[in-house]
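Topology and contacts: notes
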Amino acid sequence: MTRDAELRLRDRLAKLAGVKLLGGTRLSAEMERLERQLEHLRRESTDEEIWRSVELARHQDRPYTLDYVERILDDWFELKGDRARMDDHAVVAGLGKLDDRTVVLVGHQKGRDIKERTKRNFGMAYPEGYRKAMRAMELAERHRFPVLTLVDTPGAYPGVAAEQAGQGGAIARSQAVMVRLRVPTVSVVIGEGGSGGAVAIAVADRVLMQENAIYSVISPEGCAAILWRDASEAQKAASAFKPDAAHCLELGVVDGIVPEPEGGAHEDHEGAALLLRDSIATHLEELSALPVDELLQARRAKFRSLGVLAGSGSAGV
């Protein structure tokens with residue numbers, strides 16, 4: 001565990017301990033959550049545990065975005081289409097109420113069976129999906145609604161058609177929109193957080209990961225194919241670049257870990273949704289208390305600091 005990661009968590013714990021609020025149940029739960037994260041960081045994960053996170057992040061019974069929408073949002077109204085070409089089913093977007101607070105939600109959606117997986121392209125969006133996401137985010141800003149994003153994709157669709165339609169540009173524009181949003185934003189990696197397809201909707205004030213999610217610039221199989229020309233070395237690759245939640249928190253890539261029910265989110269959708277809702281609500285409550293200018297400044301500073309080489313002041317590649 002790095003000293004900086006521990007200090008960040010201890011600083012948040014100290015701040016929460018000094019907050020005086022009525023009805024402190026949620027506050028106590030947040031403090032307990034941070035204490036668990038400290039313990040998580042102190043215990044070094046084995047290679048087998050890291051690979052177990054990869055397997056659980058991809059589990060076919062793991063809750064997807066719409067499973068959580070059904071459980072944590074009221075009055076859900078889905079928005080469809082990018083107002084230009086088509087509706088990309090790999091990305092869902094809409095409005096709903098989270099504890100009486102209207103939010104705009106954007107998330108990747110995988111499928112349960114072959115038919116739905118084909119329809120949703122296994123959660124891999126085309127440019128139209130990210131244009132739909134931007135449309136929803138701009139609607140949120142217009143009406144001053146917080147933005148919540150749920151990330152669960154192997155990556156943006158890498159096909160020729162998507163590239164010809166401007167895949168890279170769509171991802172970049174989506175990130176630029178999120179950087180400029182004048183409303184609180186929370187992103188949660190709920191399964192696979194793969195490369196540009198994930199970060200396109202994860203440039204948020206608070207970026208969280210569920211306990212058994214993964215977040216990385218490349219899949220373990222892709223990394224193994226490049227380094228060893230053998231995708232079967234995926235477990236070896238995963239143990240090397242450590243895409244699991246504990247290591248992402250230690251690196252400062254994410255701001256917190258959302259606990260899951262015993263055995264993983266796939267074992268208890270209701271329990272996982274309850275834990276996710278409480279964590280999101282806590283962070284939105286904190287962010288909503290901040291002035292807009294402070295929110296924007298902190299968001300920009302946060303992402304500019306990622307990838308900076310320690311002690312050099314130079315940006316990494």
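Moving on to the environment of Val 69. Tracing the sequence through the fold places Val 69 in helix 4 (residues 65–72). A C-alpha to C-alpha distance of 10.0 Å links Val 69 and Arg 277, two positions 208 residues apart in sequence. Excluding anything up to four places from it in sequence, Val 69 contacts Trp 76 and Leu 105.

Moving on to a nonpolar patch on the surface. Together, Ile 226, Leu 227 and Trp 228 make up a nonpolar patch on the protein surface, roughly 320 Å² of accessible area in all. Counting through the fold element by element, Leu 227 comes out in helix 10 (residues 220–227).

Among the nonpolar cores identified, the biggest contains 40 residues, and Val 106, Tyr 130, Met 137, Ile 201, Met 209, Tyr 215 and Val 254 are the most heavily contacted of them. Looking at this core, the elements with two or more residues in it are strand 2 (91–98), strand 3 (101–108), helix 6 (127–143), strand 4 (147–153), helix 8 (167–180), strand 6 (206–210) and helix 12 (245–251). Looking at this core, the element that brings in the most residues is helix 6, giving 7 residues. Ignoring anything within four residues of it in the chain, the contact list for Val 106 reads Val 91, Val 92, Ala 93, Ala 133, Ala 136, Leu 148, Thr 149, Leu 150 and Ile 201.

This paragraph deals with the packing of aromatic side chains. In total, this model carries 1 aromatic pair according to the counting rule given. Ring geometry for Tyr 126 against Tyr 157: centres 4.7 Å apart, planes inclined by 35 degrees, an arrangement best described as tilted. You can see Tyr 126 sitting in the loop between helix 5 (114–119) and helix 6 and its partner Tyr 157 sitting in the loop between strand 4 and helix 7 (160–164), a full 31 residues away along the chain. Exposure remark for Tyr 126: the relative accessible area of 23% places this residue in the partly exposed category. Among the residues examined, Tyr 157 registers a relative accessible area of 23% and is labelled partly exposed. Here the guanidinium or amino end of Arg 112 rests over the ring plane of Tyr 64, the centre of that ring lying 3.9 Å away.

Moving on, we come to the confidence of the model for the protein chain. This prediction gives the protein chain a mean pLDDT of 85; 83% of its residues lie at or above 70. Low pLDDT, under 50, characterises residues 18–25; the stretch is placed with 2 contacts to residues that sit more than four places away or in other chains. Note on residues 312–317: pLDDT is under 50 here. Beyond four places in sequence and across chains, it has 9 contacts.

Now for the pattern of salt bridges. Scanning the model with the defined rule gives 19 salt bridges in all. Connected via shared salt-bridge partners are Arg 58, Lys 110, Asp 152, Glu 192 and Glu 221.

Moving on to helix 6. Its 17 residues give helix 6 an end-to-end C-alpha distance of 25 Å, which sits within 8% of 24 Å, the value for a rise of 1.5 Å per residue. Taken as a whole, helix 6 has its buried residues at Pro 127, Glu 128, Gly 129, Tyr 130, Lys 132, Ala 133, Met 134, Ala 136, Met 137, Leu 139 and Ala 140. A positive backbone phi angle near 60 degrees is found at Arg 144, which sits one or two residues after helix 6.

Conventions used here
- Residues numbered from 1 in each chain as written.
- Predicted model: local features only at pLDDT ≥ 70, side-chain atom pairs only at ≥ 80, totals over all residues.
- Heavy atoms only, no water.
- Helix = DSSP H or I, 4+ residues; strand = E, 2+ residues; numbered from the N terminus.
- Contact = heavy atoms within 4.5 Å.
- Patch = residues over 30% accessible without salt bridge, like charges linked within 9 Å, V, L, I, M, F, W, Y side chains within 5 Å.
- Areas by Shrake-Rupley, 256 points an atom, 1.4 Å probe, with all protein chains shown as cover.
- Salt bridge = Lys/Arg side-chain N within 4 Å of Asp/Glu carboxyl O.
- Core = buried A, V, L, I, M, F, W, Y, C linked by side-chain atoms within 4.5 Å.
- Buried < 20%, exposed > 50% of the residue type's maximum accessible area, 1.4 Å probe, protein only.
- Phe/Tyr/Trp six-rings, centres within 6.5 Å; stacked < 30°, edge-to-face > 60°.
- Lys NZ or Arg CZ within 6 Å of the ring centre and 35° of its normal.
- pLDDT = per-residue confidence, 0-100.
- Expected span 1.5 Å × (residues − 1).

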